[in-house]
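Coordinate analysis (summary)
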Amino acid sequence: ADYWKENYGEDTDMYNGIINAHKQISHRAQTIGLEVHKWIELYIKGKIIGVDTAVDYPEEVKVPMQNFHKWADAHDIEWESCEEKVYSRNWQYAGTVDAVAKINGKRCVIDFKTSAKIYKEYYLQVAAYVSAIGEMRGELPELGVIVRLDKEEDKVQEVAFDPWQHTDVFIDALNIKRFQSDRIKKVKL
């Protein structure tokens, strides 16, 4: 923005547009991600209750939903739940799991992403969900699964992993966050 101002003049609309462009792109990406999650939720709930889920998707979610169906069709999936609220009494955290399903006979906690890539933080998120589900249900899911649905290209990324490798890191991160948030009690010498 400063380069534009120095080299092309005082066009404040252009200057402000350049400064705020990342916010507009980020908001659009978030909106598409939310819409994709809503359509996936409708699909999974339809499958769970045995309703035909064929639909013509809106243009903005067409590509990621085609990628979702491509992924789902490539696996033997028995959907158990979607958008399930989970809570850990032991560690005092909560979240919403995108889906739980048996995939090829293994119970999995699945998180769908429409981001540019699969970030390491996603492993911690899924590990936290697995731990909470295990605590709530008394049975532990076997795998965590992250599925990245590209928003623009015919591209799906899938990562299946042992969530217990990441649970301790999640708990450590949770404790650090709490430490940063909590007020330290001072005492007199």
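Residue positions are given per chain, counting from 1 as you read along its sequence in written order. With the structure being a predicted model, the display of local features is reserved for residues of pLDDT at least 70 and the display and counting of side-chain atom pairs for 80 or more, all residues being used for whole-chain, interface and lining totals. As a rule here, side-chain values cover all heavy atoms of the structure and leave hydrogens and water aside.

This brings us to the packing of aromatic side chains. Pairing of aromatic rings covers Phe, Tyr and Trp, the last through its six-membered ring, and needs centres within 6.5 Å; plane angles under 30 degrees mean stacked, over 60 mean edge-to-face, and all others mean tilted. Applying the stated criterion across every chain yields a total of 10 aromatic pairs. Centroid distance Trp-39 to Tyr-57: 5.3 Å. Interplanar angle 90 degrees. Geometry classified as edge-to-face. Within this pair, whereas Trp-39 is found in helix H2 (residues 12–49), its partner Tyr-57 is found in the loop between H2 and helix H3 (59–73), the two being separated by 18 residues in sequence. Note on Trp-39: relative accessible area 21%, which makes it partly exposed. Centre to centre, the rings of Tyr-43 and Phe-68 are 5.1 Å apart; their planes meet at 85 degrees, and the pair counts as edge-to-face. With Tyr-43 in helix H2 and Phe-68 in helix H3, the pair connects residues that are 25 residues apart, well separated along the chain. Ring pairs connect the aromatic residues Tyr-43, Phe-68, Trp-71, Trp-79 and Phe-112, which therefore count as one cluster. One residue, Lys-113, lies across the ring of Tyr-122, its end atom 4.2 Å from the ring centre. Under the DSSP-based scheme used, a helix requires at least four consecutive residues in state H or I and a strand at least two consecutive residues in state E, with every element numbered from the N terminus. For every residue, the accessible area (1.4 Å probe, protein chains only) is compared with the maximum for its type, and the residue is labelled buried under 20%, exposed over 50%, or partly exposed between those bounds. Sitting over a ring, as applied to charges here, requires NZ of Lys or CZ of Arg to be within 6 Å of the ring centre and within 35 degrees of the ring normal.

Turning our attention to the environment of Thr-114. By the secondary structure assignment, Thr-114 is in the loop between strand S3 (106–113) and helix H4 (120–137). Taking the C-alpha atoms as reference, Thr-114 lies 6.3 Å from Lys-151; in sequence the two are 37 residues apart. Any two residues whose heavy atoms approach within 4.5 Å are treated as being in contact. If we skip the residues at most four places from it in the chain, Thr-114 touches Gly-33, Val-36, Leu-149 and Lys-151.

In this section: the pairing of strand S2 (residues 93–103). A large share of S2 lies buried, amounting to eight of its 11 residues. Pairing between strands is defined by DSSP: at least two bridges between them are needed. In the sheet, strand S1 (residues 77–88) pairs with S2 via 10 bridges, with the strands oriented antiparallel. In the strand pairing of S2, Ser-88 is matched with Tyr-93. Here S1 folds back onto S2, and the loop between the two strands holds four residues, one of which, Gln-92, carries a positive phi near 60 degrees. The sheet contact formed by S2 and S3 spans five bridges and is antiparallel. Looking at the pairing, Val-100 lines up with Val-109 of S3.

Our next topic: H3. Helices are assigned an expected span. That span is 1.5 Å times one less than the residue count. Look at H3: 21 Å from first C-alpha to last across 15 residues, which is about the 21 Å you get at 1.5 Å a residue. Within H3, burial applies to Val-61, Pro-64, Met-65, Asn-67, Phe-68, His-69, Trp-71 and Ala-72.

Our next topic: the sheet that holds strand S4 (residues 143–149). Read from one edge of the open sheet, five strands run S1-S2-S3-S4-S5, paired in mixed fashion. Edge positions in the sheet fall to S1 and strand S5 (156–161), since each of these pairs with one other strand and no more. For this sheet, the mean inter-axis angle between neighbouring strands, taken without regard to orientation, is 30 degrees. For helices, the axis comes from a line fit to the C-alpha atoms of the stretch in contact; other axes are also lines fit to C-alpha atoms, and the angle between any two N-to-C directions lies between 0 and 180 degrees.

That's the geometry; what it means functionally is another story.
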